[in-house]
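Chain by chain, the residues:
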Amino acid sequence: MTDTLKGTVWFKEIFDEYYEYIRNYLFYLSGDIGLAEDIAQDVFLKLWENKEKVNDETVKSLLFKIAKNMFLNSHKRKVLDLKFINKRSDNVENESPQYLLELKEFDVRLQRAISNLPDQCRTFFLMNRIDDLKYQEIANNFGISVKAVEKQISKALKILRGQFEHKM
Amino acid sequence: MLGMKNSKNINIGQFTDNYKVPSVVSKEDAWLLLKNKIEANQKPVTKNRTIKLNWTIASIATAAAVIAFVVLFGLNEKEQITPEIAANIAEIQPNWLPDSTTIQLNRNSTISNYYNKLTGERNVVVKGDALFEVIKGKKLTVLFDGGQVKVKGTAFYISAYSSDLLQVDCFAGSVEVTLDNQEFFLTKGKGVRMYKGQVTGPYACAENDVRDRLNGVFYWNRISLSEIADLIGFRFGYTFKIAPLLQNRNFSGRVDLNELQQGLTVISMAMNLEYHIDDDRKTITLNAE
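Residues numbered from 1 in each chain as written. Chains lettered and ligands numbered in written order. Predicted model: local features only at pLDDT ≥ 70, side-chain atom pairs only at ≥ 80, totals over all residues. Heavy atoms only, no water.

A. Up close: the sheet that holds strand β20 (residues 283-288) of chain B. Residue and element names in this part refer to chain B. Pairing is mixed in the open sheet, where three strands are placed in the order β17-β20-β19. One side of each edge strand has no neighbouring strand; the edge strands of this open sheet are β17 (239-242) and β19 (273-278). Sheet twist, expressed as the mean angle between neighbouring strand axes with direction ignored, is 20°. Pairing of β17 with β20, which is carried by four bridges, proceeds in the parallel orientation. Bridging from a neighbouring strand, phenylalanine 240 pairs with isoleucine 284 of β20. (Pairing = 2+ DSSP bridges. Helix = DSSP H or I, 4+ residues; strand = E, 2+ residues; numbered from the N terminus. Axes fitted to C-alpha atoms, helices over the stretch in contact; angles between N-to-C directions.)

B. Structural context of empty space enclosed by the protein. Residue and element names in this part refer to chain B. Per the counting criterion, the structure on display carries one cavity of 30 Å³ or more. Its boundaries defined by the atoms lining it, the largest cavity holds a volume of some 40 Å³. Together, Leu225, Ile228, Ala229, Ile232, Phe240, Leu264, Ile267, Ser268 and Leu286 line the largest cavity. Of all the elements in the fold, those that place two or more residues in the lining of the largest cavity are α5 (225-236) and α7 (260-271). Looking at which element gives the most residues to the lining of the largest cavity, the answer is α5, with four residues. Partitioned by chemical class, the residues of the lining of the largest cavity number eight nonpolar, one polar and no charged. (1 Å grid on protein atoms, 1.4 Å probe; cavity = no way out; pocket = protein on both sides within 12 Å on 5 of 7 lines; lining within 4 Å. Points joined across faces, edges and corners; volume = space filled by probe spheres on them. Nonpolar A, V, L, I, M, F, W, Y, C, P; charged D, E, K, R; others polar.)

C. How the structure looks around the pairing of β19(B). Residue and element names in this part refer to chain B. Two elements, β19 and β20, share six bridges in a ladder whose sense is antiparallel. Paired with isoleucine 277 across the strands is isoleucine 284, a residue of β20. Between β19 and the antiparallel strand that follows it, β20, lie four residues; lysine 282 among them carries a positive phi value of about 55°.

D. A look at the packing of helix α2 (residues 33-49) of chain A against helix α3 (residues 59-74) of chain A. Residue and element names in this part refer to chain A. Contact geometry of α2 with α3 gives a least axis separation of 9 Å together with a crossing angle of 125°. Classed by the angle they form, the pair α2 and α3 counts as oblique. Between α2 and α3 the crossing geometry is right-handed. Two secondary-structure elements touch here, α2 through Leu35, Ile39, Asp42, Val43, Phe44, Lys46 and Leu47 and α3 through Val59, Leu62, Leu63, Ile66, Ala67, Met70 and Phe71. (Parallel < 35°, antiparallel > 145°, perpendicular 65-115°, else oblique. Left-handed = near helix turned anticlockwise from the far one by under 90°. Contact = heavy atoms within 4.5 Å.)

Below is the structure:
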């Protein structure tokens, strides 16, 4: 790289700290991990190109903003099909086959139901549950109030619970 | 929760705690690919640019878009990615890229191969020791933590277990090497190495000495004990503890590192040292005799 060592070190630190959050966020938006990884590369390239103008304190929210804009500018809305890896499958050795089957069916339906949530509901809910981000952190990332985050996550849970109460 | 034996009682919030986002490219490889793009000064591809067009331009653009669509979907727009290939501590593994380029992985080493069908560019991410014999064709870039090598048709050996311990030796054709942001152009019989930020070379290297490394035989000329220890540590999965006064002592000679104890015995005898291997903690202690 032609940049100063400080710039490179700073950039690597930013990448190490935020890459997974940005990639995951893009996955929650797109449902396509290949696309999420491609756009995440573009997001960090954009950051590199504008590093002189970047304020360290707001770099995280800037990355989310770039990611969202790049995704929305590049891709039309489509029906999502989120497919997560379920870590629980390693931990069910002592359960009955009937229960395991029920769990698997539940898992498929839940992932489909999450995919169908409104964008903001879905991303905030998944950032909270999968990325372990607190409401305050999500609020900071998107420059909105904690109350608004809370509202979206409650809405997500309400929709999901509603669907499963009626169908099970 | 699973003890309840009834999926109706499952807590949705808790259930999703077990979800994990899948990945195609590891974080480490993503960084290396990103670095490569930055170094190549590649701009990100903008997918939807709003441009005011007249009808003629619009027609041409539409035709081009249709052709691009066919090409993209016909060839699969994404890079073809092979799973990570690894050689464990006890083996040497030969591998071939789709174009017949040969990569021989030394012990405890891994490669991932990214081949772009559209551009024909070949990117390989390596961690550890590997010997490359590259078939002439599109440019091949070998990426590793701390640097990269760009080649067309050539043969060379890379040692890249860590960004602190890097070595590239060329024995056919030529290669462009970047180590810690410093660029080198190596021709046949030349090598360059970097240990903890200190670059040595370009120096002369013999093909037989380079190829011998795949057989586990290493030739060193005035190399510090700490550097040799780091390499042995990476090869066998151990961490060294060396008295500070010994770390900068140099070693010269040929050592067979197929067996850990055999290699340590040769080095210790030559330098009047004694070693102790702790297999539980995976540490090796070196002291003056």
